[in-house]
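The lines below spell out each chain.
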Amino acid sequence: MKPPPFEYHAPRSLGEALDALAGAGEHGKVLAGGQSLIPLLNMRLAAPAHLVDINRLAELAAVDVEPGGVRVGALARHAQVERSEEVAAAQPLLRQALRLVAHPVIRNRGTVVGSLAHADPAAELPAVLTLLRGSVRLARPGAVRDVAAEDFFTGPLESAMEAGELAVSAFFPAPPPRSGTAFREVARRHGDYALAGIAALVALDDDLRITSATVACVSLGPVPVLVDVTDAVGHRPPDSADWASAARAVADRIEPEADIHATVAYRRHLAGVLTEQALRDAAREAVDA
Ligand SMILES: Cc1cc2nc3c(=O)[nH]c(=O)nc-3n(C[C@H](O)[C@H](O)[C@H](O)COP(=O)(O)OP(=O)(O)OC[C@H]3O[C@@H](n4cnc5c(N)ncnc54)[C@H](O)[C@@H]3O)c2cc1C
């Protein structure tokens, strides 16, 4: 099918883009990589009257490694972030997750910030931002605000972004010292959206005892679900931690839905298995840090 008619805007500066979006209000949509929006338009599941294409705004393609983390501009492609050694050193979870996002051709076009703006609970990056307690920077003419991940994702394909706002960047905080991260998921085929996925972060003290253990869940609720399992694993060395107890805590906490691919019981089972695997991986990385 062909998309419904729309007015196409091709701004040459951020100011022009913000003006075009503000003018369009609730009838406007940003076009970034187009990997989610174009199929929605072609299937006529979305019908914005105005499309504001940000692909000419080179200033939004920056990926900056700052002292406290990584700031990813709205036009930075998945592949650009995934391949950056500097980013991988500053925040390894980004590469660990991006490798699981779709296929290389899609990662060449799709953007990290576009994925966050799309707010699909089956996508990897919203869980990454939630686990790391990152934020999204939103702009409109004359105003900029940062929204924390925990407030940004409000439901399936819904976010705190208001009509007329552009997500200009996202900030992924650096991991704490002596910590490790991991991402595990199960998909029917490599590159498919995950049936269930878990991002994990484990931090240790100088005696290599666990000080914190948290996970964020993919495809296991309407938004990325953040679960702190520090109490379940205790303040013990990773070798003697009760990872199975953490897995049970996560499986009990989530409220997955059934669909044609998986039952509620299967998703809950996957959540437990993946939690244990991801936490063990993250703890191993933390010990080696
Ligand atoms: C076959 C296939 C498989 C895929 N598999 C996965 C997967 O396994 N995991 C995964 O996470 N993703 C997957 N994707 C989606 C892919 O990662 C997209 O790139 C991503 O979801 C959206 O990024 P985009 O830049 O293409 O955004 P677009 O498609 O351009 O936009 C998506 C939505 O976000 C809005 N938007 C985009 N950028 C901004 C911005 N800066 N400010 C405000 N609003 C904005 C748009 O208006 C639109 O509503 C898949 C896509 C395809 C086609």
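Overview of the structure. Just so you know, these numbers come straight off a predicted model, no measurement behind them. (Residues numbered from 1 in each chain as written. Predicted model: local features only at pLDDT ≥ 70, side-chain atom pairs only at ≥ 80, totals over all residues. Heavy atoms only, no water.)

## A look at the overall build of the protein
- In terms of helices and strands, the protein carries 12 helices and 14 strands.
- At 19 Å, the protein has a C-alpha radius of gyration in line with the 19 Å of a compact globule built from 289 residues.
- Taken over the C-alpha atoms alone, the protein extends approximately 60 × 45 × 30 Å along its principal axes.
- When burial is assessed residue by residue, the protein has 53% of its 289 residues classed as buried.
- Across the protein, contacts joining residues at least 24 apart in sequence account for 63% of those joining residues at least 6 apart.
- For the protein, the separation between the mean place of its 28 positive charges and that of its 36 negative charges on side chains is 6 Å. (Helix = DSSP H or I, 4+ residues; strand = E, 2+ residues; numbered from the N terminus. Rg over C-alpha atoms; globule rule 2.2 N^0.38 Å. Buried < 20%, exposed > 50% of the residue type's maximum accessible area, 1.4 Å probe, protein only. Contact = heavy atoms within 4.5 Å. Lys, Arg positive; Asp, Glu negative; His and termini not counted. Charge placed at Lys NZ, Arg CZ, Asp CG, Glu CD.)

## Concerning the site of the ligand
- Every one of the 30 residues lining the ligand counts as a neighbour, but Val30, Gly34, Leu37, Thr111 and Glu124 are closest to it.
- Between the ligand and Ala32 there is a distance of 2.9 Å, counted from an oxygen atom to a backbone nitrogen or oxygen.
- With respect to the ligand, the side chain of Glu124 contributes an N or O atom lying 2.8 Å from a nitrogen atom.
- Protein burial of the ligand: of its 970 Å² of free accessible surface, 89% is covered by the chains.
- For the shell around the ligand, the elements supplying multiple residues, two or more each, are β2 (28-31), α7 (112-118) and β10 (166-173).
- Here the shell around the ligand takes five residues from α7, the largest share from any one element. (Near = heavy atom within 4 Å. Polar contact = N/O pair within 3.5 Å; in protein donor to acceptor, adjacent residues only side chain to side chain. Areas by Shrake-Rupley, 256 points an atom, 1.4 Å probe, with all protein chains shown as cover.)

## A look at the packing of helix α11 (residues 243-253) against helix α12 (residues 264-288)
- One way to put it is that α11 packs onto α12 with a least axis distance of 8 Å and a crossing angle of 135°. When the interaxial angle is binned, α11 and α12 end up oblique. Considering only the axes of α11 and α12, their crossing is right-handed. Between α11 and α12, the residues in contact are Trp243, Ala244, Ala246, Ala247, Val250, Ala251 and Asp252 and Arg268, Gly272, Thr275, Glu276, Leu279, Arg280 and Ala283, respectively.
- The residue inventory of the contact of α11 with α12, partitioned by class, reads eight nonpolar, two polar and four charged. (Axes fitted to C-alpha atoms, helices over the stretch in contact; angles between N-to-C directions. Parallel < 35°, antiparallel > 145°, perpendicular 65-115°, else oblique. Left-handed = near helix turned anticlockwise from the far one by under 90°. Nonpolar A, V, L, I, M, F, W, Y, C, P; charged D, E, K, R; others polar.)

## Re the layout of surface pockets
- Of the voids in this model, the second largest pocket is the one considered here, and its volume is about 210 Å³.
- In this structure, the second largest pocket is lined by Asp120, Ala122, Arg188, Arg189, Asp192, Tyr193, Ala194, Leu195, Ser219, Asp259, His261 and Arg267.
- Taken together, the residues of the lining of the second largest pocket break down into four nonpolar, two polar and six charged. (1 Å grid on protein atoms, 1.4 Å probe; cavity = no way out; pocket = protein on both sides within 12 Å on 5 of 7 lines; lining within 4 Å. Points joined across faces, edges and corners; volume = space filled by probe spheres on them.)

## Quick word on the sheet that holds strand β7 (residues 143-148)
- If you trace the five strands from one edge of the open sheet to the other, you get β4-β5-β10-β6-β7, paired in antiparallel fashion. Each having just a single partner strand, β4 (63-66) and β7 make up the two edges of the open sheet. Averaged over all adjacent pairs, the angle separating strand axes in this sheet is 20°, with direction ignored.
- One ladder, built from five bridges, connects strand β6 (residues 135-140) with β10; its direction is antiparallel. Of the residues in β10, the one forming a bridge with Ala139 is Leu166.
- Its contacts with the sheet place helix α1 (residues 14-24) against β6 and β10, and it is angled at close to 115° to β10.
- Each of β6 and β10 touches helix α8 (residues 124-131); the most contacted strand, β10, lies at about 55° to it. (Pairing = 2+ DSSP bridges.)

## A closer look at the pairing of β4
- Direction of pairing for β4 relative to strand β5 (residues 69-73): antiparallel, over a ladder of four bridges. By the bridge assignment, Asp64 is partnered in β5 with Arg71.
- Between β4 and β5, which pair antiparallel one after the other, the connecting turn spans two residues.

## Considering the pairing of strand β11 (residues 179-186)
- Taking burial as the measure, the eight residues of β11 include six buried ones, the bulk of the element.
- Summarising the sheet, β11 and strand β12 (residues 196-204) pair through eight bridges and their orientation is antiparallel. Its bridge partner lying in β12, Arg184 is registered against Ile198.

## Overview of the sheet that holds β2
- The three strands lie next to each other as β1-β3-β2, forming an open sheet whose pairing is parallel. On the outer flanks of this sheet lie β1 (7-9) and β2, each paired with one strand and no other. Strand-to-strand, the axes of this sheet are offset by a mean angle of 25°, without reference to chain direction.
- Pairing between β2 and strand β3 (residues 50-53): four bridges, direction parallel. Across the sheet, the residue bridging to Val30 is Val52, located in β3.
- Strands β1, β2 and β3 of the sheet are contacted by α1, whose axis makes an angle of about 165° with β3.

## Details of the pattern of salt bridges
- With the rule as written, the count across this model stands at 14 salt bridges.
- The partner of Arg178 in a salt bridge is Asp206, with the nearest N and O atoms 4.0 Å apart. Of this pair, Arg178 sits in the loop between β10 and β11 while Asp206 is found in the loop between β12 and β13 (210-218), placing the two residues 28 residues apart along the sequence.
- Between Arg280 and Glu276 there is a salt bridge, with its nearest N and O atoms 3.3 Å apart. Placement of both Arg280 and Glu276 in helix α12 is noted, with a separation of four residues, approximately one turn of the helix. (Salt bridge = Lys/Arg side-chain N within 4 Å of Asp/Glu carboxyl O.)

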